[in-house]
There are 2 protein chains.
Amino acid sequence: MVQIAVLGYGTVGSGVVYLLDKNRDIISKRINDEIQVKYILTRREYNKDKYASKIIMNIDKIVEDKDIKIVAEVIGGVTDAYEYTKKLLKAGKNVVTANKELVATKGTELFKLARENNVKYLFEASVGGGIPIIHPMIQCLVSNKIDKIVGIMNGTTNYILTKMLKDNLSFEEALKNAQKLGYAESNPAADVEGIDTCRKISILSSLAYGRNVNPDLINVKGIDKITLEDVKVAENKGYVVKLVGYSKRVGEEKAEIIVTPCAIKKNHPLANVDDVYNAILVSGNATGEVMFYGKGAGQFPTASAVCSDIIECLDNKTNVEFVWSDEKIEIETPKLKCLDNINIPIID
Amino acid sequence: MVQIAVLGYGTVGSGVVYLLDKNRDIISKRINDEIQVKYILTRREYNKDKYASKIIMNIDKIVEDKDIKIVAEVIGGVTDAYEYTKKLLKAGKNVVTANKELVATKGTELFKLARENNVKYLFEASVGGGIPIIHPMIQCLVSNKIDKIVGIMNGTTNYILTKMLKDNLSFEEALKNAQKLGYAESNPAADVEGIDTCRKISILSSLAYGRNVNPDLINVKGIDKITLEDVKVAENKGYVVKLVGYSKRVGEEKAEIIVTPCAIKKNHPLANVDDVYNAILVSGNATGEVMFYGKGAGQFPTASAVCSDIIECLDNKTNVEFVWSDEKIEIETPKLKCLDNINIPIID
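Let me sum up the structure you'll find in this document. (Residues numbered from 1 in each chain as written. Chains lettered and ligands numbered in written order. Predicted model: local features only at pLDDT ≥ 70, side-chain atom pairs only at ≥ 80, totals over all residues. Heavy atoms only, no water.)

1. Re the overall build of chain A
Working step 1: Scanning chain A from terminus to terminus reveals 12 helices and 14 strands.
Working step 2: Relative to its length of 348 residues, chain A is compact, with a C-alpha radius of gyration of 20 Å against a globular reference of 20 Å.
Working step 3: For chain A, buried positions account for 61% of its 348 residues.
Working step 4: Within chain A, counting contacts between residues at least 6 apart in sequence, those at least 24 apart form 71% of the total.
Working step 5: Entry remark: accessible area of chain A is about 13700 Å², with carbon and sulfur atoms responsible for 45%.
Working step 6: Here chain A carries 46 positive and 46 negative side-chain charges, and the mean point of each set is 2 Å from the other. (Helix = DSSP H or I, 4+ residues; strand = E, 2+ residues; numbered from the N terminus. Rg over C-alpha atoms; globule rule 2.2 N^0.38 Å. Buried < 20%, exposed > 50% of the residue type's maximum accessible area, 1.4 Å probe, protein only. Contact = heavy atoms within 4.5 Å. Areas by Shrake-Rupley, 256 points an atom, 1.4 Å probe, with all protein chains shown as cover. Lys, Arg positive; Asp, Glu negative; His and termini not counted. Charge placed at Lys NZ, Arg CZ, Asp CG, Glu CD.)

Written out as structure tokens, the structure is:
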């Protein structure tokens, strides 16, 4: 019996608790053990909830409980989540997270803390939701030098761009439509301004180059200035417009990274990635281009990734020791050719 | 220092040896250790080879060497490879393989033998070449019930079908073209008759359902009877013809599995997978549809997968204990609707 705690009981947190129950038989058979949620940390009571008896409001109860070896942090943000994660790692608990902001900005420190305390800090759910991407990059592509990453990593903006093209909507109309369906938040800034994509390409770049890529150094342009006309002009030239995180190795200590709407040729593997789907193309010097495709967000896809990390913590050792260092890496904005008439760079 | 042996020195074997050298710095940094090839088992001398001093011709030297903890089997076939693998597992060596025939037909026995001897038998390279697929399925999708797998898993046939469509070639002409470029073997039967795809869908199905799916029970149709006219008729209806391995869970003890040329709608994620590329779509009950895309064969893509498994063996424990059992699973051929006028089933 493995006892765990879940921090946060929003969409992803409740998804994790539910999924561990729903697929209990399958999981127990595969790992030859059983996972039990002992605590759910929230900021308020949930009296009528099925899991009400597990709910607590004080992190120290988890920190001090020697039975808890693994904690899932799905609070988000970098205030409480950061403090709790440090406390837990120092107390010798493994922590798994869906928190891309925390991993992108404090990852270097938290990996170091995890190593010092002989535990893991895992983050499969921080990029690509339910798409396996972190683990395949760390483990399956371990013998590759990663030279380039190009990805559609934000479902909200991809839904908006798909709707603009297919239903002839303006950006504002498509955004409203996405909000109505719950695909965009009432304050959609982090998505439409490219901030979310920036955190994700920062994490993948750090992994690829083995050095921390500070998201603040990345030039970011969102889709809020993209017009229906831009989308249509691109289409007539055989391109689709997608919000892309782009990262290319330039020698050992430099990378060209940008977040920007891009024109992608219709026969490119990323061109047919529509609606809330994400896809990430990774180029390794042995394996060539590989692509990972699926739902980049949502309750159960993200919970699926969190649960796989929980299970990975059952291992007492990980074969890949190194995540990324705090050595400097120079970040430049790539000079990409733009499509004639509209100011949108082309991705080959 | 980790000392390993490589069995077989053909395309993949020499790729493994070369890749471990070429990317030595990257690999050593990531795993905080160094991998050294101590032996290469071949059937003849290679006097002038860079690695001539490592070449041996007697498996027992490896079996008896206590320094060797990990062996890569890239011989292929089920005669020597099978006997050697058993000997090595019994001697307490971890074995990693690219041998889909051996995994599909003898996997159940070899996993059991590995467990009994407290070592691993890993097979990432057996499906999808350099595309991470086995590991993501076992580990990243561990908390999912896998309901369906559809994939283009053979580069040779996909190249032939792509050429037929794009260059208006007959099957025979496209095959000759593929042979000239080294994409098809002089005896192309295992590829064009669908046998290779059958082994791969058998492995993925066994993983998905946790029970050994015997490849002999799968109904297999290759592309050797596909005409240029079939391909063109499908195109005019908005479909492309692809050789597909298809597997669908039907309850706990039954699955519908087939290998067949299929008509795939042009906006389907698999439709744009051309030339020697492979792509595998996996549906999990939490993560939804995820797709893995890349080069499904070739020296370095396959070597990349073999090397990732070698590195996984450095772990003394794996968090996922269960691969598949020898419990019976009933295999049926799915009843798929065919495209009008041509006898090719449609995949949605």
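2. Quick look at helix α8 (residues 171-180) of chain B
Residue and element names in this part refer to chain B.
Working step 1: Taken together, the buried positions of α8 are Phe 171, Ala 174, Leu 175 and Ala 178. Seen from one end, α8 has its buried residues packed into an arc of 100°, which puts them on one side. Exposed and oriented more than 90 degrees from the buried face of α8 are Lys 176 and Lys 180.
Working step 2: Two residues or fewer after α8 comes Gly 182, characterised by a positive phi angle close to 80°. (Arc of directions from axis to C-beta.)

3. Side note on the sheet that holds strand β1 (residues 2-7) of chain A
All names here are of chain A.
Working step 1: Here we have 6 strands laid out as an open sheet, ordered β3-β2-β1-β4-β5-β6, and parallel in their pairing. Single-partner strands in this sheet number two, and they are β3 (55-56) and β6 (121-122).
Working step 2: Note: strand β2 (residues 35-41) against β3, 2 bridges, orientation parallel. Looking at β3, one finds that Ile 40 is bridged to Ile 55. (Pairing = 2+ DSSP bridges.)

4. Here we look at the environment of A:Ala271
Working step 1: Looking at the element boundaries, A:Ala271 is found in the loop between β10 (254-265) and β11 (277-284).
Working step 2: Those residues within four positions of A:Ala271 in sequence are excluded, and the remaining contacts are A:Val240, A:Lys242, A:Ile264, A:Lys265 and A:Lys266.

5. Overview of the pattern of salt bridges
Working step 1: Evaluation of the coordinates by the stated rule reveals 46 salt bridges over all chains.
Working step 2: Across the pair B:Asp147 and B:Arg249 runs a salt bridge, and its minimum N-O distance is 3.6 Å. Here the residue B:Asp147 occupies a position in strand β7 (residues 146-152), and B:Arg249 occupies one in strand β9 (residues 239-249), the gap between them amounting to 102 residues.
Working step 3: Given the relative accessible area of 13%, B:Arg249 is considered buried.
Working step 4: Put simply, A:Asp21, A:Arg24, A:Glu34 and A:Lys50 are held in one network by salt bridges that share partners. (Salt bridge = Lys/Arg side-chain N within 4 Å of Asp/Glu carboxyl O.)

6. So, the sheet that holds strand β1 (residues 2-7) of chain B
Working step 1: The parallel open sheet is built from 6 strands, whose spatial order is β3-β2-β1-β4-β5-β6 (chain B). Looking along the sheet, the strands with just one partner apiece sit at the ends: β3 (55-56) and β6 (121-122) of chain B.

7. Section: the interface of chain A and chain B
Working step 1: Taken together, the contact pairs 53 residues of chain A with 53 residues of chain B.
Working step 2: In total, about 4800 Å² of surface goes out of reach between chain A and chain B, with carbon and sulfur atoms giving 54% of it.
Working step 3: Our count for the chain A to chain B interface comes out at 2 salt bridges.
Working step 4: With its nearest N and O atoms 3.5 Å apart, the salt bridge here joins B:Glu327 to A:Lys29.
Working step 5: For the side of chain A that touches chain B, the secondary-structure elements that each account for two or more residues are α1 (11-22), α2 (24-31), α6 (134-140), β12 (288-295) and α12 (299-312) of chain A. (Buried area = accessible area lost by both parts, 1.4 Å probe.)

8. A few points about the side chain of B:Thr157
Residues and elements named next belong to chain B.
Working step 1: Mapped onto the secondary structure, Thr 157 falls in helix α7 (residues 155-167).
Working step 2: Of note is the side chain of Thr 157, whose polar atom sits 2.8 Å from the side chain of Asn 154.
Working step 3: Apart from the residues within four sequence positions on either side, Thr 157 is in contact with Asp 191, Val 192, Ile 223 and Leu 243. (Polar contact = N/O pair within 3.5 Å; in protein donor to acceptor, adjacent residues only side chain to side chain.)

9. Quick word on the relation of the copies chain A and chain B
Working step 1: Superposing chain A onto chain B takes a rotation of 180° plus a shift of 0.0 Å along the axis, which leaves an RMSD of 0.0 Å. Overall, the copies show the geometry of a two-fold rotation axis. Among all C-alpha atoms of chain A, that of A:Phe292 lies closest to the rotation axis, at 2.5 Å. (Least-squares fit on C-alpha atoms with pLDDT ≥ 70 in both.)

10. Things to note about the pairing of strand β4 (residues 68-73) of chain B
Along a regular strand, successive side chains alternate from one face of the sheet to the other.
Residues and elements named next belong to chain B.
Working step 1: Judged by how many residues are buried, β4 sits mostly within the fold: 5 of 6 residues are covered.
Working step 2: As defined by bridge partners, β1 adjoins β4 across 5 bridges and the pair is classed as parallel. If you follow Gln 3 over to β4, its bridge partner there is Ile 68.
Working step 3: For the crossover from β4 across helix α4 (residues 80-90) to strand β5 (residues 94-97), the handedness is right-handed. (Right-handed = clockwise from strand over helix to strand, strands pointing away.)

11. Considerations on the state of the cysteines
Working step 1: Scanning the model with the defined rule gives 0 disulfides over all chains in all.
Working step 2: Free of any disulfide, A:Cys140 has its nearest cysteine sulfur in B:Cys140, 7.0 Å distant.
Working step 3: For A:Cys140, a relative accessible area of 5% translates into the label buried. (Disulfide = S-S within 2.5 Å.)

All quantities given are derived from atomic positions and should not be read as evidence of function.
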